[in-house]
Amino acid sequence: MATFKDKITNLINSQVPDFIVQDHPKFLEFVKAYYTFMESAELRVTSVQTTEGILLETETNQENNLLLDASRLDTDRTQLDAGDKIILESSTYGKFTRGETITGQTSNATAVILSEDLTNDRLFISAQDKFIDGETILGNSSNASATINSYRPNPVNNIQDLLNFRDPDKVISSFLTKFRNEFLNTLPETLSSNVDKRKLIKNVKSLYRAKGTSRGHELFFKLLFNENSETIYPRDQVLRASDGKWDSNLILRAIATIGDTQNLIGRQITGQSSGATATIENAFKFIIGENEVTEFILNEDTISGTFTVGEEIRGTENDTDDIFIKATITGIPSVISLTNDGTLYEQGEILSIVGGGTGASINVGDIGRGSITNLFIDNGGSSYEIGDDLVFTNTGTGGGSARAKVSVVNGGITQEESTSSTDDHIVLEDETVRGDPYTGNKIVQESGTGSGDITDIRIISGGSNYLSLPTVVVDDTNGSNAVVYAYGSEIGRIQSIDILESGAQHELSPSPPTISLRTKLLLTNVSGSFSVGENVSAVGTDGSTSITATIVSYDNSTSILTLSNATGVFGTDVTITSDGGATATIKIFDQGTASVTVSATAITSGKFINQDGHLSETTMRLQDSLYYQDFSYVIKVGRSINEWRDSFKKTMHAAGFYFTGQVDITERVDVQLRNITTINSGKSFTPIQGIINTLFSTIFGRRLGTDTDGTTLRVSPLAGVDPDFNDSTSDHFTSNTRDVTLTSYYRFNNLVIIKEKTDIRSNTTRFGVPAAGPTMKGVGNLLLGEFYSSQVRIDQIADLRLTGTQNTSIDGELNNLSDFNYRLKTNLAIPAEIWINSSDSFDEDQDTFDQTNITMDAA
């Protein structure tokens, strides 16, 4: 294919025969003009600015200029810019002229005007495909300007530039539309002014590849509006069962001996006696006791062998180090074994390790739920009847549905005290009560012979899910004084123990450390008050062992006593006594016990690292199959969805998803009212702020006054008053009142203005100064007086300098003795103090300021 490097018009002279050049020059010019036209381009322009002229007044507001060749000035024939005008002296631009060069103000492309046809809004120029549609062109000599609407080259130039039409960087602007129709069909024609469409065409594939992603959405709104967008996925707020993210770590703790152990992050450590190795994922330092302890988080997949307590571990900061970082492994609690899960424990109860080590923090983890299995009658009361209901208060227990009724009243027949060590009743044999319509097997007194005290209670339903014991009362309006306590053998069982803080140096224990759990006692026959911090004691079940413990809490409603630091083992039916003299009988005792294994490594109890799946989390929502679902998203951008919905669905939206828009407030909008027009009169008020300030305003007083000018201070001078727009109202404040009190001025009676001409030390000076204090002459006359002799020191007088002797060489010098004869100004301060001519003076110790008979103004 031939390549056109030069224009044909430049080759004509060398291509035609010589006789044509010599004999037919006009023909040669015609051929050149023809090819010049074929190689030119048409530039469509708008907003043409040409010359200014003298604008004539018209009755119809039609714009007419005064023209040199005008014959009729008030018709359509004399339109604006037609013909030759009288040019104003201030004009800075003229009409596009043939042969001048025009320059694009954005692209900087240049071309020569071959002909102008501004009547039809077009210029014919030498071909230049670098002009940009919409840019302003400026005539270099005429200063005329216009805006490019389109560029269309003539056929020969099209052929020469044909290969450029396939390149977005070189194709003419009008052909970019073809590219847009092919590659950007789903995008609107109008994009952000910052977008280079040529570059967009070349890189639009990246946008399409990001379809359906938050990154793609960001690119889309940058192209359209040059604004940031955010994609929100409601599925992140959908509540799913057991969806919380749980995290636990394998840790090893050591005390550094050489080097900074935090430099071992990402490095391998080696146990010097065990040979075990592992890679450190992270390291944290803290102080436990007197030691700086480093907690290493180990990568479980890299562990080889088993580290041992007390051995030295080593590692290097990098592969080229020749010095090891060293530390000694300290023992930490790893495996906790429950030997008895106990009952009545609460989640989060603080436990402690007994036997060695420091800094450990252990709590009760999960506890068991259960039902009510026993009801203990601490006081049978009186006047109750068989069938009375028991009312359970389940608030805060986590459970419910327990039901029970009174089954036996009037008391049962018991054995004599000498024949039984317990409060057992005489009961019927099992077979004798088979088929009996009455509940209970106790032999009781006849009806009417007892006091109506409750002897036995029948549990109809133990309920379920109790984490703690409910309180119980007997529902009978006639009965009184019954005291009943509930108990469940499965309630509050310890299911797990959490190690919140492992501490250090637990290997120093003289025996394997054990975990001290609190003691829970259900009491009956309570006499007196158990106070927190007191000690309780009892005699052991063997009759000789002394048992002591410290009171942690006592719940009077459920009769549960919680103890710590117990020595010995309590038993049931044992009487305990507090330091304060309170006594009670242990009815239920189920002590939890546990032991712990000390190791070099341990797995932490773990924790949730987010709130997913938590019912208590307020940000989570149930799935609604529209907004809160797996296949929905929200576009948050500072534009109305009406501006981008259609193009977004065609370009970026993935099929099968639901989306909605949310306006993102990106900047403040000025909504200040500018004017108002009344409905009835149609009268316009501008600005409206003045009217609103008149209708809704508060007036604050600012009147000034003194204590002696006859005015009084308003009761609430800082409070404003509502305006009164009545024509008769001239003042909103009471006359002869003030809002601000000015302090009265003080008059110096001896204030004089000295203005005289004086000769001092052979220097003539004229001075005039106000003197509120003593003059030099006054100081000289009073120097030996009582006032000055007792109040003014000699060094103060010696420091006095000449003042006010301007324009003389002696100004500022120290005074001579003779200077005290002149009435010069001094800087000597007048000493003063308060004298009270009364027997009641400030230095008395018997009269005080809170006395009412002595006042400050006493004579």
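Criteria and cut-off values
Residues numbered from 1 in each chain as written. Predicted model: local features only at pLDDT ≥ 70, side-chain atom pairs only at ≥ 80, totals over all residues. Heavy atoms only, no water. Phe/Tyr/Trp six-rings, centres within 6.5 Å; stacked < 30°, edge-to-face > 60°. Helix = DSSP H or I, 4+ residues; strand = E, 2+ residues; numbered from the N terminus. Buried < 20%, exposed > 50% of the residue type's maximum accessible area, 1.4 Å probe, protein only. Lys, Arg positive; Asp, Glu negative; His and termini not counted. Salt bridge = Lys/Arg side-chain N within 4 Å of Asp/Glu carboxyl O. Polar contact = N/O pair within 3.5 Å; in protein donor to acceptor, adjacent residues only side chain to side chain. Contact = heavy atoms within 4.5 Å. Core = buried A, V, L, I, M, F, W, Y, C linked by side-chain atoms within 4.5 Å. pLDDT = per-residue confidence, 0-100. Expected span 1.5 Å × (residues − 1). Bend = angle between axes of the 7 residues up to and from the residue. Axes fitted to C-alpha atoms, helices over the stretch in contact; angles between N-to-C directions. Parallel < 35°, antiparallel > 145°, perpendicular 65-115°, else oblique. Nonpolar A, V, L, I, M, F, W, Y, C, P; charged D, E, K, R; others polar.

Inspection of the entire model under this criterion finds 15 aromatic pairs. Ring geometry for F220 against F648: centres 5.4 Å apart, planes inclined by 75 degrees, an arrangement best described as edge-to-face. Highlighted residues: F220 in helix α7 (residues 214-225) and F648 in helix α8 (residues 645-651), separated in sequence by 428 residues. The burial state of F220 is the same as that of F648; both residues are buried. Geometrically, the ring pair formed by F631 and F657 is edge-to-face, given 5.6 Å between the ring centres and 80 degrees between the ring planes. Of this pair, F631 sits in the loop between β36 (607-608) and β37 (632-637) while F657 sits in the loop between α8 and β38 (658-663); the two residues are 26 residues apart in sequence, bridging distant segments of the chain. A relative accessible area of 47% means that F631 is categorised as partly exposed. A connected cluster of aromatic rings, assembled from ring pairs, spans F220, F221, F225, Y233, F631, Y633, W644, F648, F657 and F659.

Tracing the backbone shows D476 in the loop between β24 (471-475) and β25 (483-487). Among buried Asp, Glu, Lys and Arg side chains, D476 stands out as unpaired, with K405 the closest opposite charge at 11 Å. Looking at D476, its side chain comes within polar contact range of the main-chain nitrogen of N478, at 2.7 Å. At a separation of 3.3 Å, a polar atom in the side chain of D476 contacts the main-chain amide nitrogen of G479. Residues in contact with D476, not counting those within four places in the same chain, are S383, Y384, E385 and D388.

Within the largest apolar cluster, 43 residues are counted, with the highest numbers of intra-cluster contacts made by L43, I125, I137 and W644. Of all the elements in the fold, those that place two or more residues in this core are β1 (40-49), β5 (110-117), β6 (122-126), β8 (145-153), α5 (176-183), α6 (197-209), α7 and β37. With residues up to four places along the chain from it excluded, the contact list for W644 reads F220, F221, L224, F225, I635, V637, R639, F659 and G661. Listed in part, the 25 residues of the second largest apolar core include A402, V409, V484 and A486.

This prediction gives the protein a mean pLDDT of 78; 74% of its residues lie at or above 70. Helix α11 (residues 786-791) is the least confidently modelled element of the protein, averaging 48 in pLDDT, while β25 averages 95, the highest of any element. Low pLDDT, under 50, characterises residues 418-422; the predicted model gives this stretch one contact beyond four residues in sequence or across chains. Low confidence marks residues 786-790, where pLDDT is under 50. Its contacts with residues over four positions away, or in another chain, come to seven contacts.

The next point concerns the pattern of salt bridges. Close approach of charged atoms allows side chains with opposite charge to pair. Scanning the model with the defined rule gives 20 salt bridges in all. Between E218 and R215 there is a salt bridge; the shortest N-O distance is 3.3 Å. Residue E218 and its partner R215 are both found in helix α7; the two are separated by three residues, about one turn of the helix. Exposure remark for E218: the relative accessible area of 32% places this residue in the partly exposed category. Here K520 and E349 are joined by a salt bridge, their closest N and O atoms 2.7 Å apart. On the criterion of sequence distance, the pair formed by K520 in strand β28 (residues 519-527) and E349 in the loop between β17 (332-340) and β18 (350-354) is long-range, its members being 171 residues apart. The exposure classification of K520 matches that of E349, with both residues buried. One salt-bridge network, in which partners are shared between bridges, spans E42, R44, D117, R122 and R152.

This next bit is on α6. Relative to the 18 Å expected for 13 residues at 1.5 Å per residue, α6 spans 18 Å between its end C-alpha atoms, a close match to the ideal helical length. Along α6, the largest kink reaches about 55 degrees and is centred on N203. If you check which residues of α6 are buried, you get R198, L200, I201, V204 and L207. Packing partners of the buried residues in α6 comprise α5, α7 and α8. Its side-chain oxygen 3.0 Å from the backbone nitrogen of R198, D196 forms the N-cap of α6.

A few words now on the packing of α5 against α6. Helices that pack against each other are described as a pair by the angle of their axes relative to one another and the distance between those axes. The N-to-C vectors of α5 and α6 enclose an angle of 5 degrees; their axes lie 10 Å apart at closest approach. The angle between α5 and α6 falls in the class roughly parallel. Listed contacts from α6 to L176, F179 and F183 of α5 are R198, I201, V204 and Y208. Looking at the contact of α5 with α6 residue by residue, the class counts come to six nonpolar, no polar and one charged.

Bringing unusual backbone geometry into the picture now. The backbone of S383 shows a phi angle near 65 degrees, a positive value even though the residue is not glycine. When you line up the elements, S383 lands in the loop between β20 (374-379) and β21 (389-393). In this model, N525 sits at a positive phi of 55 degrees, which is unusual for a non-glycine residue. Note that N525 resides in strand β28.

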